[in-house]
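Below are the chains, spelled out letter by letter.
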Amino acid sequence: MAVVVSDTTPLHYLILIGRDSVLQTLYGEVIVPPAVMKELAHEAAPRDISAWAKSPPAWVTVRVPQSIPQHFDNLDFGERQALALAIEIHAELVLLDDKVARRCAEQESLKVKGTLGVVADAAKAGLLNFRETVESLLRTSMHIDPKLAQRIIEEHERGLQKRSGE
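Notes on the structure follow. (Residues numbered from 1 in each chain as written. Predicted model: local features only at pLDDT ≥ 70, side-chain atom pairs only at ≥ 80, totals over all residues. Heavy atoms only, no water.)

## Re the sheet that holds strand β1 (residues 4-6)
Then, in step 1: Strands sit in the order β3-β2-β1-β4-β5 across an open sheet of five strands; the sheet is parallel. Whereas interior strands pair on both sides, the edge strands pair on one side only; in this sheet they are β3 (60-62) and β5 (112-113).
Then, in step 2: Note: strand β2 (residues 30-32) against β3, three bridges, orientation parallel. From the neighbouring strand, V32 faces β3, where its bridge partner is V62.
Then, in step 3: Helix α3 (residues 34-41) rests against β1, β2 and β3 of the sheet, and its axis sits at about 85 degrees to β2.
Then, in step 4: The strands that helix α5 (residues 77-88) touches are β1, β2 and β4 (93-95); relative to β1, the one it contacts most, it runs at about 170 degrees. (Pairing = 2+ DSSP bridges. Helix = DSSP H or I, 4+ residues; strand = E, 2+ residues; numbered from the N terminus. Contact = heavy atoms within 4.5 Å. Axes fitted to C-alpha atoms, helices over the stretch in contact; angles between N-to-C directions.)

Right, dumping it as structure tokens:
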């Protein structure tokens, strides 16, 4: 299985819609820094998310990064720790949604996937329905432009049609 580090947002939204277990199936283990767990457990977080963070599943490992590069100072604490940890442990994948954090990860030659990318992979593996899951995400506070979401759904479904037609 791949070495995967996650920031807060992908976990937050997958937990919120009850799809966090796809992470275990896809990756086996997900490594998170303490700042991510703190953000998930924050008193302002939805109850399901804070409860999850206070008693995370066995496939989640919390690990502290040894140092945080200064050039990550423009990111929030969870993103800084997640990227630092991904670099330190030579993660094969880092789960991030924030555009600036994704750019930083790519500058560090880290492979990045966002929540929708995880959902697409889970759908390809037959773990969930892509359209239904994206529609569930749209009903949360996740910032997805509805037109973009519809385009992504259509592209995903066209890809399925091409594969089934081959």
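## Some thoughts on the side chain of T8
Then, in step 1: Looking at where T8 falls in the secondary structure, it is placed in helix α1 (residues 8-16).
Then, in step 2: Once you skip the residues sitting within four places of it in the chain, T8 turns out to touch V36, E39 and L40.

## Let's talk about the pattern of salt bridges
Then, in step 1: Under the definition given, this model contains four salt bridges.
Then, in step 2: Among the ionic pairs, D121 bridges to K113, the shortest N-O distance being 2.4 Å.
Then, in step 3: Using a relative accessible area of 21% as the deciding quantity, one classes D121 as partly exposed.
Then, in step 4: The buried category is assigned to K113, whose relative accessible area is 16%.
Then, in step 5: A salt bridge links R151 to E155; the shortest N-O distance between them is 3.3 Å. Here R151 and its partner E155 are both found in helix α9 (residues 146-165), four residues apart, which amounts to about one turn of the helix.
Then, in step 6: A residue is classified by how much of its surface remains accessible, and R151, at 45% relative accessible area, is partly exposed.
Then, in step 7: Judged by relative accessible area, which is 41%, E155 ranks as partly exposed. (Salt bridge = Lys/Arg side-chain N within 4 Å of Asp/Glu carboxyl O. Buried < 20%, exposed > 50% of the residue type's maximum accessible area, 1.4 Å probe, protein only.)

## Let's talk about the environment of D20
Then, in step 1: With respect to the helices, strands and loops of the structure, D20 is situated in the loop between α1 and α2 (21-27).
Then, in step 2: Along the sequence, D20 and P10 sit 10 residues apart, while their C-alpha atoms lie 8.9 Å from each other.
Then, in step 3: Those residues in contact with D20, other than ones at most four positions away along the chain, are L14, I15, W52 and W59.

## A word on the environment of Y13
Then, in step 1: For Y13, the location among the structural elements is in helix α1.
Then, in step 2: Along the sequence, Y13 and K124 sit 111 residues apart, while their C-alpha atoms lie 19 Å from each other.
Then, in step 3: Excluding residues within four positions of it along the chain, Y13 makes contact with T115, L137, T140, S141 and M142.

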